Amino acid sequence: MSDLKTGIMGAVKHAMRAGDKPRLGTLRMISAAIKQKEVDERRTLDDADVLAILDKMVKQRRESVAQYEQAGRQDLADAEKAEIEIINEFLPQPLSDDEIDALVAEAIQASGAESIRDMGKAMALLKPQVQGRADMGAVSARVKQQLN
């Protein structure tokens, strides 16, 4: 079992003992998403897979917050923000802009990418390094920018 998955399961037990229902609900949702992916793919997930799931969950909640705020439902937006905070506890520290730029430059050089057509090579090297630590859309935009 991956370290990240073990940490999440431990947090579920701790929240149950503490009687923290909102936290427990979010942690159980994370746990269910991990188990669902394992069942679907018939394999045990590693930390990179779990990070991808957590990253996707945060992205979904950010989109929901924007929609709820636009609709004037601050109560629902606040609930989503609380879930984001709990999920973020299991994600690594986000990368700074300078760190992302350095990783992008390193990946472009290592992959030998020279134009936009070679972007996939650089992204393949970057994805495991930035997963869960930066928005992949923003990283992709920076790769394009540096390749132009």
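Preceding this section is the structure that the text describes.
Residues numbered from 1 in each chain as written. Predicted model: local features only at pLDDT ≥ 70, side-chain atom pairs only at ≥ 80, totals over all residues. Heavy atoms only, no water.

(A) The arrangement of the overall build of the protein chain in detail. Along the backbone of the protein chain there are seven helices and zero strands. For the protein chain, the α and β elements follow one another from N to C terminus as α-α-α-α-α-α-α. For the protein chain, the spread of C-alpha atoms along the principal axes amounts to about 55 × 40 × 25 Å. Expressed as a percentage of the 148 residues in the protein chain, the buried residues total 39%. For the protein chain, the accessible surface area stands at approximately 9100 Å², while carbon and sulfur atoms represent 50% of it. In the protein chain, which carries 22 positive and 25 negative side-chain charges, the distance between the mean positions of the two groups comes to 6 Å. (Helix = DSSP H or I, 4+ residues; strand = E, 2+ residues; numbered from the N terminus. Buried < 20%, exposed > 50% of the residue type's maximum accessible area, 1.4 Å probe, protein only. Areas by Shrake-Rupley, 256 points an atom, 1.4 Å probe, with all protein chains shown as cover. Lys, Arg positive; Asp, Glu negative; His and termini not counted. Charge placed at Lys NZ, Arg CZ, Asp CG, Glu CD.)

(B) Spotlight on the packing of helix H2 (residues 21–41) against helix H4 (residues 74–88). Relative to each other, H2 and H4 sit at 65°, their axes nearing to 10 Å. At the point where H2 passes H4, the crossing takes the right-handed sense. Along the contact surface, H2 presents Pro22, Arg23, Thr26, Leu27, Met29 and Ile30, while H4 presents Glu83, Ile86 and Ile87. (Axes fitted to C-alpha atoms, helices over the stretch in contact; angles between N-to-C directions. Left-handed = near helix turned anticlockwise from the far one by under 90°. Contact = heavy atoms within 4.5 Å.)

(C) Highlighting unusual backbone geometry. Within the chain, Arg42 stands out as a residue other than glycine whose phi angle is a positive 50°. Mapping Arg42 onto the fold places it in the loop between H2 and helix H3 (47–70).

(D) Seen up close, helix H1 (residues 3–18). For H1, with 16 residues, the first-to-last C-alpha span of 22 Å sits near the 22 Å given by 1.5 Å per residue. Listed as buried for H1 are Leu4, Lys5, Ile8, Ala11, Val12 and Ala15. Down the axis of H1, the smallest arc covering the buried residues is 115°, so these residues share one side. Facing away from the buried surface of H1 by more than 90 degrees, the exposed residues are Asp3, His14 and Arg17. For H1, the secondary structure elements touched by its buried residues are H2 and H3. Looking one or two residues beyond H1, the residue adopting positive phi is Gly19, at roughly 70°. (Expected span 1.5 Å × (residues − 1). Arc of directions from axis to C-beta.)

(E) Representation of the nonpolar core. Within the largest apolar cluster, 23 residues are counted, with the highest numbers of intra-cluster contacts made by Ile8, Leu27, Ile30, Ile34, Val50, Leu54 and Phe90. Secondary structure elements with two or more residues in this core: H1, H2, H3 and H4. In terms of residues, this core owes the most to one element, H3, which gives seven residues. Excluding residues within four positions of it along the chain, Val50 makes contact with Ser2, Leu4, Ile8, Ile34 and Leu45. Counting 17 residues, the second largest nonpolar core, distinct from the first, contains Val104, Ala107, Leu126 and Leu147. (Core = buried A, V, L, I, M, F, W, Y, C linked by side-chain atoms within 4.5 Å.)

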